[in-house]
Amino acid sequence: MQNFWPSSGFSQLQITPRGWLAPTDDYLRLFLSRPELALVPESCAAEQALHAVLLAAPSRPVTEAELQALQDADARESYGLFLRFRDGLLAAGTLEAYYLGLFRSGSISIAPLFIDLLAQAILRKVLDEATDAYEVRAAEMLFRAQRITTQDGQVLAGDREVLDMFNETGGLGDFGRFLAEAKAPLRAIDMQVLTDGNAPDYWPASDRHHFLLDLTHEISNDLSHGLVFTMTRARSGLTALARVLEKWVQHFLGVSVSIKPLQKIDDEAWRWHIGLDVEATALLNDLYEGREVEAERLQRLLSLFRLDFSDPQEMRADVAGKPVYLGLMMNAGQSVKLKPQNLLLNLPLKGAM
């Protein structure tokens, strides 16, 4: 068993008899050390006092007067967002219940960062016994935006924040930015495509998000004379992502499903689909309705998937036994941000509205 994503806070959470995650004071303290809430030399006395009392008792109620006493408007906003998140999480009792409740309510009142941090901690539990670095790297796509590069038929996903930082500063932070402004040479980007050979190196470096994931699912070889041999890659990042999504659904909904990457939907009885991101949702809706779709949009589709319920009786009666099609798509800027909550909210479950 590997200890990956140590910054997720998994070790500070309690596991309930159901297998879900209950927050603790130590887990809440992690947020107080994040850049958004950490003290800076300019922090006023009121902010220092509030930070100190919350470190001592992270669940302690905070009055509106204490919040308004903070002199810096950004600090007031950051603490207000944290307290809204904290209070909602404590009221829900588990990270999973809070996560589901947020999206089922139809009203998201917390910052996207908190949603991603919740997803990371939950995925750390879902994959706690994982031994496959490809699956864990693929799981990063559920809580960190990816930048997609396509070249010679190969599709690579890299952490967008890390890649943008490297492009801007060479990975050297403010010093790198200074060098860039001075037009000094920056070091080459230190990122590797995850392979069987370097997979052991992923685990100790998992929090750095420096590994690229190869999403190429099939490789075609021209055998001449018009013959083309197509081979499915055993180590496809899309296959790893499918395994993660299966476990994600099982953990939250207790439903067993199988998910497989798919090249196209060839189904005259197509009944149900779910986009795994905003772009894919819109594209699948258009295709389902028979609307004409521009070639440029279709080229941004990274993959389709077919989802099947292990037990069709767990599905709505009108679609029982039918496959559910999923889509994953990058935007015009060649990045993709998965919305894993879509799977939890939109599966055609028996009894669902």
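Calculation criteria
Residues numbered from 1 in each chain as written. Predicted model: local features only at pLDDT ≥ 70, side-chain atom pairs only at ≥ 80, totals over all residues. Heavy atoms only, no water. Helix = DSSP H or I, 4+ residues; strand = E, 2+ residues; numbered from the N terminus. Polar contact = N/O pair within 3.5 Å; in protein donor to acceptor, adjacent residues only side chain to side chain. Expected span 1.5 Å × (residues − 1). Buried < 20%, exposed > 50% of the residue type's maximum accessible area, 1.4 Å probe, protein only. Pairing = 2+ DSSP bridges. pLDDT = per-residue confidence, 0-100. Contact = heavy atoms within 4.5 Å. Phe/Tyr/Trp six-rings, centres within 6.5 Å; stacked < 30°, edge-to-face > 60°. Lys NZ or Arg CZ within 6 Å of the ring centre and 35° of its normal. Arc of directions from axis to C-beta. Axes fitted to C-alpha atoms, helices over the stretch in contact; angles between N-to-C directions. Patch = residues over 30% accessible without salt bridge, like charges linked within 9 Å, V, L, I, M, F, W, Y side chains within 5 Å. Areas by Shrake-Rupley, 256 points an atom, 1.4 Å probe, with all protein chains shown as cover. Salt bridge = Lys/Arg side-chain N within 4 Å of Asp/Glu carboxyl O. Lys, Arg positive; Asp, Glu negative; His and termini not counted. Charge placed at Lys NZ, Arg CZ, Asp CG, Glu CD.

Draft legend 1. Just the environment of Glu64, in detail. Within the fold, Glu64 resides in helix α3 (residues 64-68). Within polar-contact distance, the side chain of Glu64 engages the side chain of Gln68 at 2.7 Å.

Draft legend 2. Inspection of helix α11 (residues 237-253) at higher detail. Here α11 spans 24 Å end to end across 17 residues, near enough to the 24 Å set by a 1.5 Å rise per residue. Among the 17 residues of α11, twelve are classified as buried, and the element is accordingly described as predominantly covered. Restricting attention to buried positions, one finds in α11 the residues Gly237, Leu238, Ala240, Leu241, Ala242, Val244, Leu245, Glu246, Trp248, Val249, His251 and Phe252. Capping the start of α11, Ser236 holds a side-chain oxygen 3.0 Å from the backbone nitrogen of Leu238, two or three residues further along. One or two positions beyond α11, positive phi appears at Gly254, with a value near 65°.

Draft legend 3. Geometry of the sheet that holds strand β5 (residues 192-193). Strand order in the open sheet made by the five strands is β5-β6-β4-β3-β13, with mixed pairing throughout. A strand with exactly one partner marks an edge of an open sheet, and here the two such strands are β5 and β13 (335-336).

Draft legend 4. Spatial organisation of the confidence of the model for the chain. In this model, the chain carries a mean pLDDT of 89, and residues with pLDDT of at least 70 account for 89%. Across residues 172-186, confidence stays below pLDDT 50; counting only partners more than four residues off in sequence or on other chains, it has 13 contacts. Below a pLDDT of 50 lies the segment residues 219-231, which in the model reaches 15 contacts outside its immediate sequence neighbourhood of four places, other chains included.

Draft legend 5. Region of interest: unusual backbone geometry. Not every positive phi belongs to a glycine, and Trp5 is a case in point at roughly 50°. Looking at the element boundaries, Trp5 is found in the segment before β1 (14-15). Notably, Gln334 is not glycine yet its phi reads approximately 65°, a positive angle. Positionally, Gln334 belongs in the loop between β12 (324-329) and β13. Among the residues examined, Gln334 registers a relative accessible area of 35% and is labelled partly exposed.

Draft legend 6. The packing of aromatic side chains, seen in detail. By the definition in use, this model includes 18 aromatic pairs. Ring plane angle 65° and centroid distance 5.8 Å describe the contact between Tyr202 and Phe211, whose orientation is recorded as edge-to-face. By way of ring pairs, the aromatic residues Phe4, Trp5, Phe143, Tyr202, Trp203 and Phe211 are connected into one cluster. One residue, Arg18, lies across the ring of Trp20, its end atom 3.6 Å from the ring centre. In this structure, Arg124 packs its charged tip against the face of Phe4, placed 4.2 Å from the ring centre.

Draft legend 7. Layout of helix α2 (residues 45-56). Look at α2: 17 Å from first C-alpha to last across twelve residues, which is about the 16 Å you get at 1.5 Å a residue. Taken together, the buried positions of α2 are Glu47, Leu50, His51 and Leu54. Buried positions in α2, seen along its axis, are confined to an arc of 100° and lie on one side of it. Every exposed residue of α2 that faces more than 90 degrees away from the buried side is listed here: Ala45 and Ala56. Each element contacted by the buried residues of α2 is listed here: α1 (25-32) and α4 (73-92).

Draft legend 8. Main features of the sheet that holds β12. Sheet architecture is open: four strands sit in the order β9-β11-β12-β10, paired in mixed fashion. Edge positions in the open sheet fall to β9 (257-262) and β10 (272-275), since each of these has one partner strand only. Strand after strand, the sheet turns through a mean of 25° between neighbouring axes, direction not considered. Taken together, the six bridges between β9 and strand β11 (residues 301-309) define a ladder with antiparallel strand orientation. When the bridges of β11 are listed, Ile259 appears paired with Leu307.

Draft legend 9. The arrangement of a negative patch on the surface in detail. Together, Glu42, Asp72, Asp74 and Glu77 make up a region of like negative charge exposed at the surface. Mapped onto the elements, Asp74 comes out in helix α4. Assessed through its relative accessible area of 54%, Asp74 is described here as exposed.

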